[in-house]
Amino acid sequence: DGGRVIGPERVSVAAGNFDTLRVELSGRVSNMALGGSAVVRGYAIFKQTVWYAPQVKRVVKSFAEGPGFATLYELESYSLR
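Residues numbered from 1 in each chain as written. Predicted model: local features only at pLDDT ≥ 70, side-chain atom pairs only at ≥ 80, totals over all residues. Heavy atoms only, no water.

K.L.:
I would appreciate a short explanation of the overall build of the protein chain in the present structure.
P.N.:
Tallying secondary structure elements over the protein chain gives zero helices and five strands in all. Scanning the protein chain from its N terminus toward the C terminus, one meets helices and strands in the order β-β-β-β-β. For the protein chain, the residues scored as buried account for 22% of the 81 residues in total. Restricting to contacts in the protein chain with at least 6 residues of sequence separation, those with at least 24 account for 33%. Surface exposure of the protein chain reaches about 5,600 Å², of which carbon and sulfur atoms provide 51%. (Helix = DSSP H or I, 4+ residues; strand = E, 2+ residues; numbered from the N terminus. Buried < 20%, exposed > 50% of the residue type's maximum accessible area, 1.4 Å probe, protein only. Contact = heavy atoms within 4.5 Å. Areas by Shrake-Rupley, 256 points an atom, 1.4 Å probe, with all protein chains shown as cover.)

Right, dumping it as structure tokens:
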């Protein structure tokens, strides 16, 4: 539904230390996708924060949460080929 750049932030993950742009996103996911019944229709709100490192052109960390789930991703390694 929306997003905004929070600003620069230094992040440490297994792949190293990165200067990133922190971005916060929000959206909706269907209750059906979360295992809801066909009778209960509607949407649940989720939020995600990503840390994008321009120097390697990828997201190096991501955290998302919503009703009944939370996921964390951190870059473990990368190669500049």
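K.L.:
Can you help me understand the nonpolar core in this one?
P.N.:
As a rule of thumb, nonpolar side chains are buried together in soluble globular proteins. Counting eight residues, the largest nonpolar core consists of Val11, Val13, Phe18, Trp51, Ala53, Val56, Val60 and Leu75. When contributions to this core are tallied by element, the ones reaching two or more residues are strand S1 (2–13) and strand S3 (43–53). Each residue touching Leu75, except ones within four places of it in the same chain, is listed here: Val13, Ala14, Ala15, Phe18, Arg58 and Val60. (Core = buried A, V, L, I, M, F, W, Y, C linked by side-chain atoms within 4.5 Å.)

K.L.:
What exactly am I supposed to notice about a nonpolar patch on the surface here?
P.N.:
On the surface, a cluster of nonpolar side chains totalling about 410 Å² of accessible area is made up of Val5, Leu21, Tyr52, Val59 and Tyr73. Its location among the elements puts Leu21 in strand S2 (residues 16–30). (Patch = residues over 30% accessible without salt bridge, like charges linked within 9 Å, V, L, I, M, F, W, Y side chains within 5 Å. Salt bridge = Lys/Arg side-chain N within 4 Å of Asp/Glu carboxyl O.)

K.L.:
Would you mind going over the packing of aromatic side chains with me for this structure?
P.N.:
For any two aromatic rings, the description comes down to two numbers: the centre-to-centre distance and the angle of the planes. A full pass over the atoms with the stated rule returns one aromatic pair. Across the ring face of Trp51, the terminal group of Lys61 is positioned such that the distance to the ring centre comes to 4.9 Å. (Phe/Tyr/Trp six-rings, centres within 6.5 Å; stacked < 30°, edge-to-face > 60°. Lys NZ or Arg CZ within 6 Å of the ring centre and 35° of its normal.)

K.L.:
I tried to follow unusual backbone geometry on my own but got confused; where do I start?
P.N.:
Phi is positive for Lys57, close to 55 degrees, though the residue is something other than glycine. Residue placement: Lys57 occurs in the loop between S3 and strand S4 (58–66).

K.L.:
Got a minute to help me understand the pairing of S1 in this structure?
P.N.:
In regular strands, side chains alternate between the two faces of the sheet. Both S1 and S2 contribute to a ladder of eleven bridges, which runs antiparallel. Along S2, the bridge assignment pairs Ser12 with Asn17. Where S1 folds back on S2, the antiparallel hairpin that results is connected by two residues. (Pairing = 2+ DSSP bridges.)

K.L.:
How should the pattern of salt bridges be read in this particular structure?
P.N.:
Overall, the coordinates contain five salt bridges when judged by the stated rule. Among the ionic pairs, Glu9 bridges to Arg22, the shortest N-O distance being 3.3 Å. Here Glu9 is found in strand S1, whereas its partner Arg22 is found in strand S2, with 13 residues between them in sequence. Note on Glu9: relative accessible area 29%, which makes it partly exposed.

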